[in-house]
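Residue strings, one per chain:
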Amino acid sequence: MMFIKVKKGKTKQKNYEIMLSHLEYFLVSSDSFISSLSNLSAYINYFLDDINWVGFYLYDGKKLYLGPFQGLPACSEIKLGSGVCGSSAKDMKTYVVNNVQKFKGHIACDANSISEIVIPIIKNDRLLGVLDIDSPLHSRFDEIDQLYLEKVITKLVDIS
Ligand code: SME
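This section reports on the structure supplied with the text. Predicted model only: the values in this text are computed from it and were never measured.

## Observations regarding the pairing of strand S2 (residues 63-71)
Okay, so step 1: Two elements, strand S1 (residues 53-59) and S2, share 6 bridges in a ladder whose sense is antiparallel. Bridge pairing in S2 links Tyr59 to Leu64.
Okay, so step 2: Between the end of S1 and the start of S2, which pair antiparallel, lie 3 residues, with Gly61 showing a positive phi angle near 100 degrees.
Okay, so step 3: Across 3 bridges, the pairing between S2 and strand S3 (residues 77-79) is antiparallel. What sits directly across from Lys63, in S3, is Lys79.

And the structure:
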């Protein structure tokens, strides 16, 4: 398979629509969940502007451990309830943080990160992990990002 660079949309919403419309191609062609996550981290990295880290933390029943990602090396384990990722995993809800320095317990992996979005991956009420995206910009993620990234994760869960 060769990745043909799809033309990005002019607006954020349009860009997400284009991203979603091609998503299945990268996910269904994989036999394993890890392969899908690897391609998905690269795919999101291609489509989203102004991000410095995108990747997955997977849940082993006790803690989160680092999965496929794009960006600088990051912490390999996160306790449930710790930082933004651990909070999202524990509460099983999306966290949008405009300024990580104001988030109590935030775990700094890349000093350039200022805002962050974390989306839990849940299948049949069971936590599989989280998608984590960091940005060097303040308030980079809004309700449009949340809406579409949650759709991306829903598609991932549906076909995994
Ligand atoms: N900032 C995250 C840790 C993971 S890194 O950003 C890649 C957190 O507070 O959970």
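The rest of the description comes next.
## As for the site of the ligand
Okay, so step 1: Close to the ligand lie 13 residues; Val84, Cys85, Ile107, Glu116 and Asp134 are nearest.
Okay, so step 2: One of the backbone N or O atoms of Cys85 is found 2.8 Å from an oxygen atom in the ligand.
Okay, so step 3: Contacts to the ligand include Asp132, whose side-chain N or O atom sits 3.4 Å from an oxygen atom.
Okay, so step 4: Considered on its own, the ligand offers 310 Å² of accessible surface; in the complex 100% of this is hidden by protein.
Okay, so step 5: At the level of elements, S1, helix H3 (83-91) and strand S6 (126-135) are the ones that each hand at least two residues to the shell around the ligand.
Okay, so step 6: By residue class, the composition of the shell around the ligand is 8 nonpolar, 2 polar and 3 charged.

## Remarks on the packing of helix H1 (residues 12-28) against helix H4 (residues 143-159)
Okay, so step 1: At a minimum axis distance of 10 Å, the contact between H1 and H4 shows a crossing angle of 10 degrees. Between H1 and H4, the crossing angle belongs to the class labelled roughly parallel. Contacts between H1 and H4 involve Lys12, Gln13, Tyr16, Glu17, Met19, Leu20, Leu23, Glu24, Leu27 and Val28 from the former and Ile144, Asp145, Tyr148, Leu149, Lys151, Val152, Lys155, Leu156 and Ile159 from the latter.

## Remarks on the environment of Ile34
Okay, so step 1: Along the polypeptide, Ile34 turns up in helix H2 (residues 33-47).
Okay, so step 2: The class of Ile34 is partly exposed, set by a relative accessible area of 43%.
Okay, so step 3: Expressed as a C-alpha distance, the spacing of Ile34 and Tyr57, which sit 23 residues apart in the sequence, is 11 Å.
Okay, so step 4: Ile34 has contacts with Leu58 and Pro68, leaving out every residue within four places of it along the chain.

## Overview of the pairing of S1
Okay, so step 1: The buried fraction of S1 amounts to 6 of the 7 residues, a majority that puts the element mostly inside the structure.
Okay, so step 2: Across 6 bridges, S1 lies against S6 in antiparallel orientation. In the strand pairing of S6, Tyr57 is matched with Val130.

## Remarks on the packing of H1 against H2
Okay, so step 1: Interhelical geometry of H1 versus H2 gives an angle of 155 degrees and a closest axis separation of 11 Å. Considering the angle they form, H1 stands roughly antiparallel to H2. At the point where H1 passes H2, the crossing takes the right-handed sense. Residue-level contacts link Asn15, Ile18, Met19, His22, Leu23, Phe26 and Leu27 of H1 to Ser36, Asn39, Leu40, Tyr43, Ile44 and Phe47 of H2.
Okay, so step 2: Counted by class, the contact of H1 with H2 contains 9 nonpolar, 4 polar and no charged residues.

## A look at the sheet that holds strand S5 (residues 115-123)
Okay, so step 1: The antiparallel open sheet is built from 6 strands, whose spatial order is S3-S2-S1-S6-S5-S4. Two strands bound the open sheet, and with one partner strand each, they are S3 and strand S4 (95-97). Neighbouring strand axes in the sheet, compared pairwise and without regard to direction, differ in orientation by 25 degrees on average.
Okay, so step 2: Packing of H3 onto the sheet brings it into contact with S1, S2, S3, S4, S5 and S6, and relative to S5 it is tilted by some 30 degrees.

Scoring rules and cut-offs
- Residues numbered from 1 in each chain as written.
- Predicted model: local features only at pLDDT ≥ 70, side-chain atom pairs only at ≥ 80, totals over all residues.
- Heavy atoms only, no water.
- Pairing = 2+ DSSP bridges.
- Helix = DSSP H or I, 4+ residues; strand = E, 2+ residues; numbered from the N terminus.
- Near = heavy atom within 4 Å.
- Polar contact = N/O pair within 3.5 Å; in protein donor to acceptor, adjacent residues only side chain to side chain.
- Areas by Shrake-Rupley, 256 points an atom, 1.4 Å probe, with all protein chains shown as cover.
- Nonpolar A, V, L, I, M, F, W, Y, C, P; charged D, E, K, R; others polar.
- Axes fitted to C-alpha atoms, helices over the stretch in contact; angles between N-to-C directions.
- Parallel < 35°, antiparallel > 145°, perpendicular 65-115°, else oblique.
- Contact = heavy atoms within 4.5 Å.
- Buried < 20%, exposed > 50% of the residue type's maximum accessible area, 1.4 Å probe, protein only.
- Left-handed = near helix turned anticlockwise from the far one by under 90°.

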